[in-house]
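Structure at a glance
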Amino acid sequence: MPNNQKRVAFHTLGCKLNFSETSTIARQFDELGFERVSPNSQADVFVINTCSVTEHAEKKCRQAIKKFIKHSPNAFVAVVGCYAQLRPEDLSNIEGVDLVMGASDRGNIPLYMGDASKNAKAKIYSCEIDVLNDFFPAYSSGDRTRSFLKVQDGCDYHCTYCTIPNARGKSRNIPISTIITQAQSIASQGIKEIILTGVNTGDFGRTTGESFIGLLKELEKVEGIERYRISSIEPNLITDEVIAFVAASNKFLPHFHIPLQSGSNNILRLMKRRYNRELFANKIEKIKQAIPNVFIGVDVIVGFPGETDNDFSDSYNLLNELKPSFLHIFPYSERPGTPASDFEGKVHPKAIKQRADKLQHLSYSLHSEFYAQNIGRKEEVLFEGANRKGTITGFTRNYVKVEIDFRKELAGKIASVQLLGTSNTGNLTAKIIKNE
Ligand code: SF4
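1. What to know about the overall build of the protein
Assigned secondary structure in the protein consists of 13 helices and 19 strands. At 22 Å, the protein has a C-alpha radius of gyration in line with the 22 Å of a compact globule built from 436 residues. Expressed along its principal axes, the backbone C-alpha trace of the protein runs to roughly 60 × 60 × 45 Å. Counting every position in the protein, which comprises 436 residues, the buried fraction comes to 56%. Contacts in the protein between residues far apart in sequence, at least 24 positions, make up 71% of those at least 6 positions apart. Accessible surface, the protein as shown: approximately 18800 Å² in total, 51% of it carbon and sulfur. Positive and negative charge centroids in the protein, built from 55 and 49 side chains respectively, lie 4 Å apart.

The following block contains the structure:
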């Protein structure tokens, strides 16, 4: 394919890890002289980074691919990501797809494009499970406010509902020294906030003999990065040392995202999770004690096979007692090839919906309560760029969304504010006390 076909478009589905990887692939195309265009416009090359965490995610991937092919029938279409890794044929059989790349080779699309040609049968590369141990270093750029920095990949846990270990391989990471170099490169672009991302982020150090806390301590020293968020961490990997470090740190923010999945020990056993409800509760209490006004987001699955009304009540009551700040609710989605797909006691879709709705109501009230608790407090906000109907928004250290009248000079800047009240958008209003 001649290099003068300069327009390339990207579309990413799924997690922060996928966004960091697409952004890294995009920089490769920049270096090859391609012009980046929006996925809604004509392009010569499309790269779609897929997700396979739920059936719905896979459906959205197929729809996105077909939409692109429809509006750019001559484009070269490359599909990467977890869905490509797990079921390459599903994607290579879509007419118009030219290249399907497995997880370990997602960094080599330009390389393989030469082999594949338009209108020939789609080529499939590197989707064999045993090659899944390379590490593709990645971080997102282009957003002036924050960057997703990939510090870990893969997972050695085998929760019975999850396909991610099959899609991303064993838990592995690059050395702290390499990550520090990437963080310095992000800082040199004027970005102030980094979100540490991975599949099982807290399991960092598995392949280098280093530790997660060791990584956090080195990152804190990087000049120019003012803020770090830990994207998600397993409850059993939240050590007292990590809690104490975040509590004392100016840069690691009072914000945790912790998967619970179920508040029933019976269901946690069936899921093969590595903690019970008592350990989870203990971690939440320790974090809240050590870090005032901390934001805690919690993942929970409803409708796992075998989940009774009592099991669901265990989840609901535990969350109502612990009062995290927000719930990410996932109706159980059966994944091919997982042990749970053969489990008895499938829950009726109606019951799954009722349980999800009930938790949604709880999440809404927990989140409003958390926002209300912050009114009157002084906080620091990193303002984003966009002018949204005459306002500019940003997040406090403890992940409260704030909006004030638009001021261009605040874009990408950190300002001290007093939180005043709730606006009709649900964000908190504020007045600037001091800005950079
Ligand atoms: S910890 Fe469990 S749910 Fe999370 S990626 Fe690993 S296997 Fe999947």
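2. Observations concerning the packing of aromatic side chains
All chains considered together, the criterion is met by 13 aromatic pairs. Relative to F29, the ring of F10 lies with its centre 5.7 Å away and its plane at 75 degrees, an arrangement referred to as edge-to-face. Highlighted residues: F10 in strand 1 (residues 7-12) and F29 in helix 1 (residues 16-31), separated in sequence by 19 residues. Accessibility assignment for this pair places F10 and F29 in one class, buried.

3. Observations regarding the sheet that holds strand 13 (residues 295-302)
Read from one edge of the open sheet, 3 strands run 12-13-14, paired in parallel fashion. The open sheet has two edge strands, strand 12 (255-261) and strand 14 (326-331), and neither has a second partner. If you compare each strand with its neighbour and ignore which way they point, the axes differ by 20 degrees on average. By the bridge criterion, 6 bridges tie strand 13 to strand 14 in an arrangement that is parallel. The partner of I301 across the bridge, within strand 14, is F330.

4. Some words on unusual backbone geometry
Notably, N293 is not glycine yet its phi reads approximately 60 degrees, a positive angle. Residue placement: N293 occurs in the loop between helix 11 (277-290) and strand 13. Exposure remark for N293: the relative accessible area of 33% places this residue in the partly exposed category. With a phi close to 50 degrees, K389 is a non-glycine residue in the positive phi region. Its location among the elements puts K389 in the loop between strand 15 (378-383) and strand 16 (391-396). Overall, K389 belongs to the exposed group, its relative accessible area being 88%.

The rules behind these values
- Residues numbered from 1 in each chain as written.
- Predicted model: local features only at pLDDT ≥ 70, side-chain atom pairs only at ≥ 80, totals over all residues.
- Heavy atoms only, no water.
- Helix = DSSP H or I, 4+ residues; strand = E, 2+ residues; numbered from the N terminus.
- Rg over C-alpha atoms; globule rule 2.2 N^0.38 Å.
- Buried < 20%, exposed > 50% of the residue type's maximum accessible area, 1.4 Å probe, protein only.
- Contact = heavy atoms within 4.5 Å.
- Areas by Shrake-Rupley, 256 points an atom, 1.4 Å probe, with all protein chains shown as cover.
- Lys, Arg positive; Asp, Glu negative; His and termini not counted.
- Charge placed at Lys NZ, Arg CZ, Asp CG, Glu CD.
- Phe/Tyr/Trp six-rings, centres within 6.5 Å; stacked < 30°, edge-to-face > 60°.
- Pairing = 2+ DSSP bridges.
- Axes fitted to C-alpha atoms, helices over the stretch in contact; angles between N-to-C directions.

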